[in-house]
Amino acid sequence: MKNSGIYVSLDIGTTSIKVVVAEYVKDQMNIIGVGNEISKGLSRGVIVDIDETVESIRSAVSQAERKANIQISNVIVGIPSNQISIEPCHGMYAVASENKEITDKDVQNVFAAAKVRSVPPEREIISVIPEEFIVDGFDGIRDPRGMIGVRLELYASMITGPKTIIHNIKRCVEKAGLQIEDMVVQPLAISSVAMNKGERDFGTILIDMGGGQTSASVMHDDQLKFSFVDPEGGDLVTKDISIILNTTLENAERAKREYGYAISEDTSDEEFFPVETIGKEEPVKVDEKYLSEIIEARLTQIFENIKRALDKVEARDLPGGIVLTGGAAALPGVVDLAKEIFEINVKLYIPEQMGMRNPIYATSIGLIKYVAGLDDIYRVAKGKVHVTGKVIPLQSKTAKQPTVIEEPVYENETYADEDHYEESLVGKLKRWFNNLFE
């Protein structure tokens, strides 16, 4: 059952920062406010300038506050899957009360015991997700509160991430005048809305195509089992267009959105559009097929990198296929290109909520649904309850053998070979384009 109330999600992306305010009433999500601001201070999914990121967050929050007519103080924050690790953990605690009835305090203590393990100094615990409780040897218990027992045990999954990334996110949120209600790894959030229970249980691949990076995650047994991040995204497609056509990034982005297609053979070399190029007074006519070849080259490289990582864990054998989402996935032809490369079923996820029907909002919607759907035991373990807040006029702010996830595979040859790539592919296309007008 969903937890009723008002929830606010904060998605700090490379291209844009999204703030979504939603109200849960009788298991129904109603969007009441949205803020969307261009990101400043991020590169490839990672914060590189705290002050600029804070300003972008404040602007997005202000937009959402005006539309929702509420003051925002608590937010659910998405954590990128860069170098995340999920490990099994186990805790044991002797029930303290005289009558041996298990209370909220006992649950909090057994969670604390599960966290007592060696975590490298450069990593930080994001969350501990309970799998089962055991009371005096009786297993499979989801909520032990109110039961009688002497020994309480917990088997859970511990999610950790790089301390630098988590600290920077926390710092930005705090400097923006907000409090973090919860932190959720983005693949877990997106899978809660982009997949049904069967897909998460039997095994499905999630590919989130952002502006700064593309992540691939594997859900199986309703848990995150594998994660891979390729440091390429929609922004590099735009950069390729800009370099080859000798035009600004703004013009390249406009051409990509208005005329771009992911499969070149499905386009025409007799359909032209004008592009303002640097060093030429008059716009140059470029055919749609040539633009599509530039786009297809980069997307193919991204998908091939992901395919190699997935094949190392045999993820393409899972029955659920691939769910594609993220802003870069909205480009026409991307789904067909993904089907061609991955050779399995691929479908595109787009949120269904009115005004949110764009894959860029998949993470924002997912964060809210994931946290709203958490069991009460999770909130007790964290020592907090969800503060729903009140809608007020806006005022000025003066298993016993848990599965071990494999460490993410990072293939940095993409950027190690960046110069070679531009010479062999982008470089050739650029010279071809220039030769047309010499």
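Below: a short report on this structure. It should be emphasised that the depicted structure is a prediction, and the values quoted were computed from it without experimental measurement.

What follows deals with the overall build of the protein chain. Helix and strand counts for the protein chain come out as 13 helices and 18 strands. Looking at the protein chain as shown, the accessible area adds up to about 20,200 Å², and 49% of this sits on carbon and sulfur atoms.

With that settled, the discussion passes to the sheet that holds strand 10 (residues 151-162). Across the sheet, 4 strands lie side by side as 7-10-8-9; this open sheet has antiparallel pairing. Every other strand in the sheet has two partners, leaving strand 7 (85-94) and strand 9 (138-141) as the edge strands with one partner each. Shown here is a sheet whose adjacent strand axes are inclined to one another by a mean of 35°, direction ignored. Two elements, strand 8 (residues 123-135) and strand 10, share 11 bridges in a ladder whose sense is antiparallel. The partner of Val128 across the bridge, within strand 10, is Met158. Where helix 2 (residues 104-115) meets the sheet, its contacts fall on strand 7, strand 8 and strand 10, and the angle it forms with strand 7 comes to roughly 130°.

In terms of nonpolar packing, the biggest core is built from 63 residues, with Leu10, Ile57 and Ile72 touching the most fellow members. It is helix 10 (residues 362-372) that provides the largest number of residues to this core, a total of 7 residues. Residues contacting Leu10, with those up to four places away along its chain left out, are Ile17, Lys18, Val19, Ile57, Val75, Ile76, Val77, Gly78, Val173 and Leu367.

Before going further, it helps to spend a moment on empty space enclosed by the protein. Of the volumes computed, that of the largest cavity is approximately 70 Å³. Lining the largest cavity are Ile12, Leu42, Gly45, Val46, Ile47, Gly78, Pro80, Ile165, Ile169 and Gln186. The set of elements that each furnish at least two residues to the lining of the largest cavity consists of strand 5 (46-47) and helix 3 (163-175). Grouping the constituent residues of the lining of the largest cavity by class yields 7 nonpolar, 3 polar and no charged.

The subject of this paragraph is unusual backbone geometry. Despite not being glycine, Asn69 shows a phi value in the positive range, around 60°. Mapped onto the elements of the fold, Asn69 is located in the loop between helix 1 (50-68) and strand 6 (74-79). Judged by relative accessible area, Asn69 falls into the partly exposed class, the value being 37%.

Let us now look at the environment of Glu270. When you line up the elements, Glu270 lands in the loop between helix 7 (249-259) and strand 15 (272-275). In the structure, Glu270 is positioned 18 residues away from Glu288 in sequence and 7.7 Å away in space, judged by C-alpha atoms.

Attention shifts here to the side chain of Arg123. When you line up the elements, Arg123 lands in strand 8. It is Glu87 that comes nearest to the buried, bridge-free Arg123 among opposite-charge side chains, at 5.5 Å. Among the polar contacts listed, one links the side chain of Arg123 to the backbone oxygen of Gln83, at a separation of 2.6 Å.

Evaluation of the coordinates by the stated rule reveals 4 aromatic pairs. Centre to centre, the rings of Tyr7 and Tyr24 are 6.1 Å apart; their planes meet at 90°, and the pair counts as edge-to-face. Separated by 17 residues along the polypeptide, Tyr7 in strand 1 (residues 5-12) and Tyr24 in strand 2 (residues 16-25) bring together distant segments of the chain. The class of Tyr24 is buried, set by a relative accessible area of 4%.

Further remarks concern the side chain of Thr247. Relative to the helices and strands, Thr247 resides in the loop between helix 6 (234-245) and helix 7. We classify Thr247 as buried; its relative accessible area is 4%. There is a polar contact of 3.1 Å between the side chain of Thr247 and the side chain of Asn251. Within polar-contact distance, the side chain of Thr247 engages the backbone oxygen of Glu276 at 2.6 Å. Setting aside anything within four residues of it in sequence, one finds Thr247 in contact with Ile241, Ser242, Ala252, Val275 and Glu276.

A separate point is the pairing of strand 14 (residues 223-230). Taking burial as the measure, the 8 residues of strand 14 include 7 buried ones, the bulk of the element. In terms of strand pairing, strand 13 (residues 214-220) meets strand 14 through 7 bridges, oriented antiparallel. Opposite Thr214, over in strand 14, you have Asp230 as the bridge partner. Connecting the antiparallel pair strand 13 and strand 14 is a turn made up of 2 residues, with Asp221 showing a positive phi of about 55°.

One open sheet holds the 5 strands; their spatial order is 14-13-12-17-18, and the pairing between them is mixed. Two strands close off the open sheet at either side, each with one partner strand: strand 14 and strand 18 (346-348). Pairwise comparison of adjacent strand axes, ignoring direction, gives a mean angle of 20° for this sheet. The sheet contact formed by strand 12 (residues 204-209) and strand 13 spans 6 bridges and is antiparallel. Bridge pairing in strand 13 places Thr204 opposite Met219. Lying on the sheet, helix 4 (residues 186-194) is in contact with strand 12, strand 13, strand 14 and strand 17 (322-325); it crosses strand 12 at an angle near 110°. With respect to the sheet, helix 8 (residues 288-312) is in contact with strand 12, strand 13 and strand 14, its orientation differing from that of strand 14 by roughly 140°.

Using the criterion set out here, one finds 18 salt bridges in the structure. Ionic pairing is found between Glu55 and Arg58, a salt bridge with its closest N-O pair at 3.1 Å. One end of the pair, Glu55, and the other, Arg58, are both in helix 1, 3 residues apart, so they sit about a helical turn from each other. Owing to a relative accessible area of 47%, Glu55 belongs among the partly exposed residues under this scheme. With a relative accessible area of 40%, Arg58 lands in the partly exposed category. Across the pair Arg316 and Glu343 runs a salt bridge whose closest N-O atoms are separated by 3.7 Å. Residue Arg316 is located in the loop between helix 8 and strand 17, and its partner Glu343 is located in the loop between helix 9 (334-342) and strand 18; the two are separated by 27 residues in the primary sequence.

Reading the values: the criteria
Residue numbering note: each chain is counted from 1, following its sequence as written. Owing to the predicted nature of the model, reporting of local features is limited to residues with pLDDT of at least 70; listing and counting of side-chain atom pairs is limited to 80 or more, with chain, interface and lining totals taken over all residues. The side-chain values count all of the structure's non-hydrogen atoms but skip hydrogen atoms and water molecules. Secondary structure elements are defined from DSSP: runs of H or I of at least 4 residues count as helices, runs of E of at least 2 residues count as strands, and each element is numbered from the N terminus. Only the protein chains shown count as cover for residues, with accessible areas throughout obtained via the Shrake-Rupley method and a probe of 1.4 Å. Any two strands with at least two DSSP-identified bridges between them are counted as paired. Angles here are taken between N-to-C directions and fall from 0 to 180 degrees, while the axes themselves are lines fitted to C-alpha atoms, restricted in helices to the stretch in contact. Only heavy atoms enter the contact rule, under which two residues are in contact if any of them lie within 4.5 Å. What makes a nonpolar core is a set of buried Ala, Val, Leu, Ile, Met, Phe, Trp, Tyr and Cys residues whose side-chain atoms join them at distances within 4.5 Å. The classification of residues rests on relative accessible area computed with a 1.4 Å probe and restricted to protein chains. Under 20% of the type maximum is buried, over 50% is exposed, and intermediate values are partly exposed. A pocket here means an open set of points on a 1 Å grid, computed over the protein atoms alone, that has protein on both sides within 12 Å along at least five of seven lines. A cavity is instead a set of points where a 1.4 Å probe fits but cannot get out; residues with an atom within 4 Å of a point line either one. Grid points are joined across faces, edges and corners, and a volume is the space filled by probe spheres set on the points. Each residue is assigned to one class: nonpolar for Ala, Val, Leu, Ile, Met, Phe, Trp, Tyr, Cys and Pro, charged for Asp, Glu, Lys and Arg, and polar for all the others, Gly among them. Within this scheme the basic residues Lys and Arg register as positive and the acidic residues Asp and Glu register as negative, but His and the chain ends are omitted. The salt bridge criterion pairs a side-chain nitrogen of Lys or Arg with a carboxyl oxygen of Asp or Glu, the two atoms within 4 Å. Definition of a polar contact: a pair of N or O atoms within 3.5 Å, with one able to donate and the other able to accept a hydrogen when the atoms are protein atoms, and with sequence-neighbouring residues admitted only if both atoms are side-chain atoms. Pairing of aromatic rings covers Phe, Tyr and Trp, the last through its six-membered ring, and needs centres within 6.5 Å; plane angles under 30 degrees mean stacked, over 60 mean edge-to-face, and all others mean tilted.

Purely geometric stuff here, so don't read any function into it on its own.
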